[in-house]
Amino acid sequence: MDDQPELGDIKINHDVVASIVRLAALQVPGVAGVGGGLTDGIGELFSKREADKRGVKVTEDARGDYAVELRIVITYGTEIGRTAYEVQVAVRKQVIAMTDKGISRVDVIVEGVRMPTPGSSTNGDRPDDLWAGIVTTD
Amino acid sequence: MSPILEYILNAPALVIGLWATLGLLAIFLFLRKPRRLLLVSNENGRLQISRHALHRLLEACCLQLSGVSSARARVVKRGGKFKTYLRLKVRPDAKMDAVQGYLSQEIADIYRLNLGITNVGPIEIEIVGVVPENKEF
């Protein structure tokens, strides 16, 4: 930015970061979903928040680093501590890779437990599902 | 004057008081911080579990037993220890001593190994009903 100041700043909306966080968390084995608490449900009814940001709160500190709070639903039988650590690592890695900004902390809150359904993968709400309606085959 | 304003002005104090109480209750419920249990806190961030998720985790553990039809869990932190209450509905073929032994061990393991909680209190199991099995034709 310093060598070409006339180009201006690049600002990334926190909603975009929240979407990155959500998708990164959903790729971790043992995470059945993101968000879905009562507050989220009521909030969505009144605020028209999009589904891909629910369960994620992103704030920015004075240094410009992101602080993330993430509410997840885990699959029964997975080790909570390990899964949460993997979520923290995945979120940190993905956000830094895509935004080139630091992350001060990733707070993980386990909001629910889901039983694994027979015949399905451990991740019931995988990111691939989001694109199922628009993927076309040649 | 709008009908709503007219209604409020003419309504008796009891009705206004009732609506005000309901409104305050709704605001309280909406703003109330959910009770969460802090499991880990380090430089990477914190790991917390909501009381609802903890209850669901314990109930899911109970439902792994074929003899258990339904389960309700409640956890109370008293004197620094986590006291667990389980209310179960069992099937007629359930062996109570086996259910009690298995659940005591499994739930203690969930606390210690999965959640990292060492100060586990007593686990009280109460059988509140027997659910007959569905007869298959």
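Preceding block: the structure.
All of the points below concern the structure found in this document.

Cut-offs and rules
- Residues numbered from 1 in each chain as written.
- Chains lettered and ligands numbered in written order.
- Predicted model: local features only at pLDDT ≥ 70, side-chain atom pairs only at ≥ 80, totals over all residues.
- Helix = DSSP H or I, 4+ residues; strand = E, 2+ residues; numbered from the N terminus.
- Buried ≥ 20, exposed ≤ 12 C-beta atoms within 10 Å, placed from the backbone.
- Contact = placed C-beta atoms within 7 Å.
- Nonpolar A, V, L, I, M, F, W, Y, C, P; charged D, E, K, R; others polar.
- Pairing = 2+ DSSP bridges.
- Expected span 1.5 Å × (residues − 1).

### Notes on the overall build of chain A
In terms of helices and strands, chain A carries 4 helices and 4 strands. The linear arrangement of helices and strands in chain A, starting from the amino end, is α-β-α-β-β-α-β-α. Taking all 138 residues of chain A together, the buried fraction comes to 33%.

### Some words on the environment of B:I27
Take B:I27: it is sitting in helix α2 (residues 13–31). Spatially, the C-alpha atoms of B:I27 and B:S104 are 40 Å apart, while their sequence positions differ by 77 residues.

### Some details on the interface of chain B and chain A
Many authors give the size of an interface as the accessible area that is lost as the parts come together. Facing the 19 residues of chain B at the interface are 17 residues of chain A. Those elements that provide at least two residues to the side of chain B that touches chain A are β1 (36–42), β2 (45–50) and α3 (51–63) of chain B. With 6 residues, the top contributor of residues to the side of chain B that touches chain A is β2(B). Grouping the constituent residues of the side of chain B that touches chain A by class yields 9 nonpolar, 7 polar and 3 charged. Two elements, strand β4 (residues 103–114) of chain A and β2(B), share 3 bridges in a ladder whose sense is parallel. Bridged to A:I109 within β2(B) is B:Q48.

### Some thoughts on α3(B)
Look at α3(B): 18 Å from first C-alpha to last across 13 residues, which is about the 18 Å you get at 1.5 Å a residue. Along α3(B), the residues that are buried comprise B:A53, B:L54, B:R56, B:L57, B:L58, B:E59, B:C61 and B:C62. Buried residues in α3(B) make contact with β4 of chain A together with β1, β2, β3 (68–78), β4 (81–90) and α4 (96–114) of chain B.

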